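Spelled out, the chains give:
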Amino acid sequence: MPARTSSKATTPTGAGRRWPNILTRFIWGFFVVGLGVFLLYPILVSINFLFLFGKSPSLEELENPKVEQPSEVYTSDGVMIGRYFRENRAPVPLSEMSPWLVKALVATEDVRFYDHAGIDPKAIARAVSGVLTGSKGGGGSTITQQLAKNLYKIRRAGNTGLLGHVPVLSTVINKTKEWLTAVELERRYTKEEILRLYLNTVDYGSQSYGIKVAAKTFFSTTPAGLQPEQAAMLIGAVNAPTTYNARFHPEAAKRRRNLVLERMHQAGFLSKDSVQLLQARPIALQYQVEKHVDGPETYFRGAVSQFVNDWCKKNGYDLYRDGLKVYLTIDSRMQAHAEEAVHKRMKVLQRSFDNFWRNRDSNPWVDEDGNEIPNFIETQMKRADAYKELVARYPGRPDLVDSALHRKRPIKVFTWKGDGDTTLVMSPLDSLAYYKHFLHAGMMTMDPFTGQVKAWVGGLDYKFFKYDHVKQGKRQAGSTFKPFVYLTAIDNGYTPCDRIRDQRVTINYVEDGKPMEWKPDNVTREYTGINMTLRHAMARSVNSVTAQLTELVGWENVAKYAHKVGIKSKLLPVPSIGLGSAGDVSVYEMVNAYGTFVNQGFRTEPMFITRIEDRNGNVIKQFDPQQKRVISPETAWLMLYMLRGGMDEPGGTSQALWEYELWKKDNQIGGKTGTTSNYSDGWYMGVTKDLVTGVWVGGEDRSIHFFRTQQGEGGRMALPIFGTYMEKLYQDKDLDITMGPFPKPIVKISKKYVCYTEEPRPRRAAPVDTIAMDNLLEQLNSGAAPVPDSLRP
């Protein structure tokens with residue numbers, strides 16, 4: 001047997017032989033695994049294995065790429081009035097683009113575009129060599145790769161996997177995704193389709209996405225009208241739209257344009273002489289950048305965008321990206337007539353207002369006694385955002401804040417003269433005082449049967465006055481609130497022919513546990529003593545009768561009925577509610593409420609959008625009228641009859657409408673004027689067989705108004721806007737709005753409504769509107785006013 005020592009001596013030699021074998025197997029295994037990973041890597045990236053690589057475009061997205069596209073807004077008569085976008089683009093076919101665009105793009109970005117299948121190995125090798133040697137070898141991305149990156153936002157945070165947060169590795173992964181997506185695009189699209197998608201997708205600067213918007217923004221032309229040097233400038237900007245923006249960096253843009261022209265020569269698209277000639281030309285811009293919301297600035301646009309944005313969030317759409325088509329209820333012709341009527345009347349009224357206060361040698365911000373409010377502008381300024389920004393900018397330095405507030409500079413301001421604006425030299429305090437002198441207006445028209453809003457004028461000029469006086473603004477309604485008192489009465493057993501005497505009254509009640517009394521005044525401080533019918537009293541807007549009726553039916557019930565027919569704002573159940581001083585309401589609410597009378601007792605929610613379509617014209621949402629019966633058809637018809645009393649009854653406050661061309665073909669109009677304390681607000685609510693319109697006029701602040709003059713009444717401030725507007729509607733032959741009487745009742749009218757009015761109707765009416773005089777006096781005693789015998793059922 002061999003010796004043990006001999007056996008031990010051979011052990012190191014055997015181990016030495018095994019180590020190379022293990023190392024070889026390890027190397028081969030590593031190679032095989034590496035090769036497998038290398039071969040599987042594209043698949044792992046494409047399927048986002050274990051969420052390591054991030055999302056790649058799906059087959060559906062590749063076949064139907066969703067390029068960000070503006071949404072468009074159309075009126076009911078088919079007029080496009082606005083566009084909403086983040087990336088302002090309007091795709092056009094390649095056939096409508098200048099061929100110089102394609103030549104400039106290929107020569108600059110991908111000269112072998114027609115020879116590769118999405119990836120250019122030569123370009124990649126050149127780019128890698130440039131990185132290794134530190135030279136500018138050019139980029140390795142093809143046009144198709146750039147399209148993939150732009151079209152599918154491959155590098156967006158939402159498409160990043162776990163490994164995408166690792167430096168260097170994230171670049172490799174993103175490039176891999178671009179390569180894979182580029183190859184898939186080449187498989188599914190022709191070269192021409194890829195060029196079309198690219199030119200319609202990229203950012204050319206100044207928020208102009210796509211060649212159609214870029215051509216308009218920089219040269220005020222179409223894609224087909226672009227000249228070689230213009231195409232070269234736009235293509236030169238695609239990789240650095242800010243750096244090479246010709247509007248802000250003209251020299252850099254020109255150098256880049258000339259480089260593109262040189263590349264076009266190298267690619268054989270331009271002769272040397274042509275290049276030299278084009279390079280010598282200056283960049284001649286006709287610049288007109290578009291905003292994120294393009295189109296006329298209107299007050300209803302804010303309500304539209306808010307409504308559609310809320311709907312989009314709930315239904316997975318994006319108003320600024322998805323190319324939706326939004327169809328409004330607004331009629332562009334009626335809207336134009338409404339704006340013209342407001343502007344025509346407000347221009348005249350403002351002149352009267354200015355003259356009134358100029359003659360009094362005072363500013364129009366006054367207290368109840370007509371005395372100018374001291375330090376009014378300074379107090380208002382301290383509530384402004386601009387003042388708060390100055391305080392934040394100069395903390396502890398009121399002297400610097402004061403200096404900034406008094407520093408004068410040229411400011412473009414609104415004016416009724418000329419084109420609607422002018423430049424004046426004034427300080428921020430001067431500017432605020434200037435604007436506080438203006439009277440404002442809000443007006444809305446609605447189809448009471450469908451709820452479709454047909455016209456919406458929220459103010460004088462949206463460019464200068466952003467506040468919307470239709471839906472955003474709320475003020476006391478004055479006597480336009482009185483019909484809700486009469487509605488409450490008629491729906492609870494009373495008739496238009498019941499009577500209440502016009503006499504001074506004292507109404508006792510309890511508020512917060514304390515006995516109170518209220519003595520409402522007629523505006524003239526006079527009382528006729530006439531035992532008036534309810535129709536006559538509402539037509540003449542008699543405070544004393546309305547106050548007594550409010551007590552009879554209950555002020556809580558008046559609030560209940562007002563809410564029932566469409567008022568949504570909070571109302572205080574107090575005796576003065578019937579005179580419109582128990583809460584602030586909007587024109588929007590008042591139009592809705594009055595529409596219930598015309599629509600046979602159905603309250604229809606106002607709507608300003610009829611349908612939304614996707615970018616392909618498919619209807620994705622249809623908005624239908626939302627109606628609910630809230631009062632009986634008999635009550636609704638009787639309320640229309642009551643509203644007609646403003647024209648029919650002697651001394652009715654709507655009789656100034658006789659001066660307008662509104663009375664052919666037995667036309668009938670119902671309406672109610674309204675004026676609040678100190679003439680702070682003037683209202684008119686008008687109804688016809690087809691439409692309901694509300695008009696409000698007043699100062700920005702309640703302390704800005706006429707003083708002790710009939711000029712500030714609703715019949716003189718707001719009613720003329722309604723009269724002018726209706727004249728225009730009836731005269732417009734393109735509109736299907738005709739004169740005529742209200743429809744006959746659809747049910748039998750069981751209540752007496754034809755009754756005698758003692759006072760003869762004057763030949764020329766000069767009605768005086770009433771004003772809510774809320775003199776609330778605390779007393780130790782409380783009691784209840786007796787019910788007149790003439791009003792007992």
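Along each chain, residues carry numbers from 1 onward, in the same order as the chain's sequence is written. Under the rules for a predicted model, residues below a pLDDT of 70 receive no local features and side-chain atom pairs below 80 are neither given nor counted, while totals for whole chains, interfaces and linings still include all residues. As a convention, hydrogens and water are excluded, and side-chain values are obtained from all of the structure's heavy atoms.

## Concerning the overall build of the protein
And step 1. Helix and strand assignments follow DSSP, with helices taken as H or I runs no shorter than four residues and strands as E runs no shorter than two, numbered in order from the N terminus. Within the protein, the secondary structure is distributed over 26 helices and 22 strands.
And step 2. Taking all 793 residues of the protein together, 52% fall into the buried category.
And step 3. Any two residues whose heavy atoms approach within 4.5 Å at even a single point are treated as in contact. The contacts of the protein with a sequence gap of at least 6 include a subset with a gap of at least 24, amounting to 72%. Throughout this description, buried means an accessible area under 20% of the type-specific maximum (1.4 Å probe, protein chains only), exposed means over 50%, and partly exposed covers the range between.

## Some details on the side chain of S581
And step 1. The topology assignment puts S581 in the loop between α22 (555–565) and β14 (584–585).
And step 2. Any N or O atom pair separated by 3.5 Å or less is treated as a polar contact, with the protein-specific requirement of one donor-capable and one acceptor-capable atom, and with residues adjacent in sequence counted only for side-chain atom pairs. Engagement of the side chain of S581 in a polar contact is seen with the side chain of S576, the distance being 3.3 Å.

## Structural notes on the packing of aromatic side chains
And step 1. What counts as a ring pair is set by centres within 6.5 Å for rings of Phe, Tyr and Trp (its six-membered ring), and what kind of pair is set by the plane angle: stacked under 30 degrees, edge-to-face over 60, tilted for all other angles. Following the criterion strictly, the structure yields 33 aromatic pairs and no others.
And step 2. Ring centres of F356 and W357 lie 5.1 Å apart, and the angle between their planes is 90°; this geometry places the pair in the edge-to-face category.
And step 3. Where W456 meets F608, the ring centres are 5.9 Å apart and the plane angle is 85°; that geometry is what we call edge-to-face. A residue pair is termed long-range when its members are at least 10 positions apart, and W456 in strand β8 (residues 453–457) and F608 in the loop between β15 (602–604) and β16 (609–613) qualify at 152 residues.
And step 4. A connected cluster of aromatic rings, assembled from ring pairs, spans F414, W416, Y434, Y435, F438, F464 and F465.
And step 5. Looking at K103, its charged tip hangs above the ring of W100, at a distance of 4.6 Å from the centre. Lysine NZ or arginine CZ positioned within 6 Å of the ring centre and within 35 degrees of the ring normal marks a charge as sitting over the ring.

## Observations regarding the sheet that holds strand β20 (residues 681–687)
And step 1. Here, any two strands with at least 2 DSSP bridges between them count as paired. Reading across from one edge, β8-β7-β21-β20-β19 is the order of the five strands in this open sheet, with antiparallel pairing throughout. What marks the edges here is a single partner per strand, and that holds for β8 and β19 (670–675). Mean inter-strand twist for the sheet, computed between neighbouring axes without regard to direction, equals 5°.
And step 2. Judged from the four bridges that link them, strand β7 (residues 439–446) and β8 form a sheet pairing that is antiparallel. When the bridges of β8 are listed, M444 appears paired with W456.
And step 3. Axis definition: a line fitted to C-alpha atoms, over the contacting stretch in the case of helices. Angles run 0 to 180 degrees between N-to-C directions. The sheet contacts of helix α24 (residues 633–648) involve β19 and β20, and relative to β19 the element is tilted by about 65°.

## A closer look at helix α4 (residues 99–109)
And step 1. Extensive coverage of α4 is indicated by the burial of eight of its 11 residues.
And step 2. All of the buried residues along α4 are L101, V102, A104, L105, V106, A107, T108 and E109.

## Remarks on the confidence of the model for the protein
And step 1. Looking at the protein as a whole, its pLDDT mean stands at 84, while 81% of the residues score no less than 70.
And step 2. A score between 0 and 100, pLDDT records how confident the predictor is in each residue. Below pLDDT 50 for its whole length, residues 1–11 participates in zero contacts with residues either more than four positions away or in separate chains.
And step 3. Across residues 770–793, confidence stays below pLDDT 50; counting only partners more than four residues off in sequence or on other chains, it has 69 contacts.

## Observations concerning the pattern of salt bridges
And step 1. We count a salt bridge whenever a side-chain nitrogen from Lys or Arg sits within 4 Å of a carboxyl oxygen from Asp or Glu. All chains considered together, the criterion is met by 24 salt bridges.
And step 2. Its salt-bridge partner being E186, residue K191 comes within 3.0 Å of it at the nearest N-O pair.
And step 3. Since its relative accessible area comes to 14%, K191 is described here as buried.
And step 4. Take E186: its relative accessible area is 14%, and that puts it in the buried class.
And step 5. One salt bridge connects K408 with D430, and the closest N-O pair in it is separated by 2.5 Å. Remark: D430 occurs in helix α18 (residues 428–436) and K408 occurs in the loop between α17 (398–406) and β5 (409–414); sequence separation between them is 22 residues.
And step 6. Owing to a relative accessible area of 29%, D430 belongs among the partly exposed residues under this scheme.

## Quick word on the environment of R301
And step 1. Along the polypeptide, R301 turns up in helix α13 (residues 300–315).
And step 2. The class for R301 is buried, based on a relative accessible area of 13%.
And step 3. Each C-alpha atom of the pair R301 and W456 lies 9.7 Å from the other, and the pair is 155 residues apart in sequence.

## Side note on the pairing of β7
And step 1. Counting buried positions over the eight residues of β7 gives eight, a clear majority of the element.
And step 2. Neither face of β7 is left uncovered, since the one carrying L439, A441, M443 and T445 and the one carrying H440, G442, M444 and M446 both have all their residues buried.
And step 3. Relative to strand β21 (residues 692–699), β7 runs antiparallel, the two sharing eight bridges. Within the sheet, the bridge partner assigned to A441 lies in β21 and is V697.

## Description of the packing of helix α9 (residues 211–219) against helix α10 (residues 228–236)
And step 1. Between α9 and α10, the shortest axis-to-axis distance is 11 Å and the interhelical angle comes to 115°. When the axis of α9 is compared with that of α10, the two are roughly perpendicular. The handedness of the crossing between α9 and α10 is right-handed. Mapping the contact onto sequence places I211, A214, A215, F218 and F219 in α9 and Q230, M233 and L234 in α10. Angles below 35 degrees are treated as roughly parallel, those above 145 as roughly antiparallel, those between 65 and 115 as roughly perpendicular, and all remaining angles as oblique. By convention the crossing between two helices is left-handed if the near helix lies anticlockwise of the far one by an angle smaller than a right angle, and right-handed if it lies clockwise.

## What about unusual backbone geometry?
Leaving glycine out, the prevailing phi sign among residues is negative, and the prevailing peptide bond configuration is trans.
And step 1. For K665, which is not glycine, the phi torsion reads 55° and is therefore positive.
And step 2. As for its placement among the helices and strands, K665 is situated in the loop between α24 and β19.
And step 3. Phi is positive for N678, which is not a glycine, with a value near 65°.
And step 4. For N678, a relative accessible area of 27% gives the class partly exposed.

## Remarks on α17
And step 1. Where α17 is concerned, the buried positions are V401, A404 and L405. Viewed end-on, α17 has its buried residues packed into an arc of 100°, placing them on one side of the element. Picture the helix axis, draw a direction to every C-beta atom, and the arc is the one those directions span.

## Some points on the environment of Q472
And step 1. Take Q472: it is sitting in the loop between β8 and β9 (475–476).
And step 2. Considered as a pair, Q472 and V587 are 115 residues apart in the sequence and their alpha carbons are 9.1 Å apart.
And step 3. Among the polar contacts listed, one links the side chain of Q472 to the backbone nitrogen of D468, at a separation of 3.1 Å.

## Examining the environment of T415
And step 1. Structurally, T415 is set in the loop between β5 and β6 (421–426).
And step 2. We classify T415 as buried; its relative accessible area is 11%.
And step 3. For the pair T415 and D461, spaced 46 residues apart in sequence, the C-alpha separation works out to 9.9 Å.
And step 4. Setting aside anything within four residues of it in sequence, one finds T415 in contact with G420, D421, T422 and Y434.
And step 5. At 3.1 Å, the side chain of T415 and the backbone nitrogen of K417 are in polar contact.

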